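# Report on the structure
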Amino acid sequence: MLENDVKKVLFSEEEIRQRCKALGEQITKDYNEMGKVPLLVALLKGSVPFLCELMKYIDLPIEVDFMIVSSYDGTESVGEVHVVKDLSRSIRGTSILIVEDIVDTGRTLHSISNLLLHKGASDVKIVSLLDKPERRVVDVTVDYAGFPCPNEFVIGFGLDFNEKYRNLGYVGVLKEELYK
């Protein structure tokens, strides 16, 4: 059982659902006030459960696209961001809302935000399920943050360790003996 590998649950499925509802309502309000409709750019693979839950509560005619970027080796961010799969359409003049599972060092989002602006996006904002500001090494603004995250190794709701645990319906802390 996957649950046996979890030290503790940080955010339950219900807490995540409620937070996604609040984020979706705020995003709807803000983009309506700006007179824009965002293209949601989900960073695969971890953001998929968050994207699916969040977009149910965004009352705008959104579009969705995906990117695969890599900056981790096991539990550590390696500092280099590689685009494995780019967007499938032009974004010139498009308002982008990057959907991410967790913002840690900020390197990935800083690089991807700059890349999207360079490709002609009119603006780039970030929504993340989890935010670890104490681990930042690059200045990046999370416009919509789900939950502040302690400096622990978290899994579940899309977050993984070596591709496992993404399917947990909640966010939990992985027992240290499993990754040390």
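Below: a short report on this structure. (Residues numbered from 1 in each chain as written. Predicted model: local features only at pLDDT ≥ 70, side-chain atom pairs only at ≥ 80, totals over all residues. Heavy atoms only, no water.)

Another point: the sheet that holds strand 8 (residues 154-155). Taken together, 3 strands build an open sheet; the order of strands is 1-9-8 and the sheet is antiparallel. What marks the edges here is a single partner per strand, and that holds for strand 1 (6-11) and strand 8. Here strand 1 runs beside strand 9 (residues 171-174); their pairing, made up of 4 bridges, is antiparallel. Residue pairing for strand 9: valine 6 is matched across the bridge by leucine 174. (Pairing = 2+ DSSP bridges. Helix = DSSP H or I, 4+ residues; strand = E, 2+ residues; numbered from the N terminus.)

Two elements in contact, helix 1 (residues 13-34) and helix 2 (residues 48-55), have axes whose closest approach is 8 Å; the angle formed by their N-to-C orientations is 60°. On the basis of the axis angle, helix 1 is oblique to helix 2. Helix 2 is crossed by helix 1, and the crossing has right-handed handedness. Of helix 2, the residues touching helix 1 (which contributes Arg17, Cys20, Leu23, Gly24 and Ile27) are Phe50, Glu53 and Leu54. Residues of the contact of helix 1 with helix 2, tallied by class, amount to 5 nonpolar, 1 polar and 2 charged. (Axes fitted to C-alpha atoms, helices over the stretch in contact; angles between N-to-C directions. Parallel < 35°, antiparallel > 145°, perpendicular 65-115°, else oblique. Left-handed = near helix turned anticlockwise from the far one by under 90°. Contact = heavy atoms within 4.5 Å. Nonpolar A, V, L, I, M, F, W, Y, C, P; charged D, E, K, R; others polar.)

Here helix 1 contains 22 residues, and its C-alpha end-to-end distance of 31 Å stays within 8% of the 32 Å for a straight helix at 1.5 Å per residue. Buried residues of helix 1: Ile16, Cys20, Leu23, Gly24, Ile27, Thr28, Asp30 and Tyr31, and no others. Looking one or two residues beyond helix 1, the residue adopting positive phi is glycine 35, at roughly 70°. (Expected span 1.5 Å × (residues − 1). Buried < 20%, exposed > 50% of the residue type's maximum accessible area, 1.4 Å probe, protein only.)

This part is about the state of the cysteines. Applying the stated criterion to the full structure yields 0 disulfides. Among the cysteines around cysteine 52, which has no disulfide bond, cysteine 20 carries the closest sulfur, lying 10 Å off. Free cysteine: cysteine 149, not disulfide-bonded; nearest cysteine sulfur from cysteine 20 at 15 Å. Since its relative accessible area comes to 4%, cysteine 149 is described here as buried. (Disulfide = S-S within 2.5 Å.)

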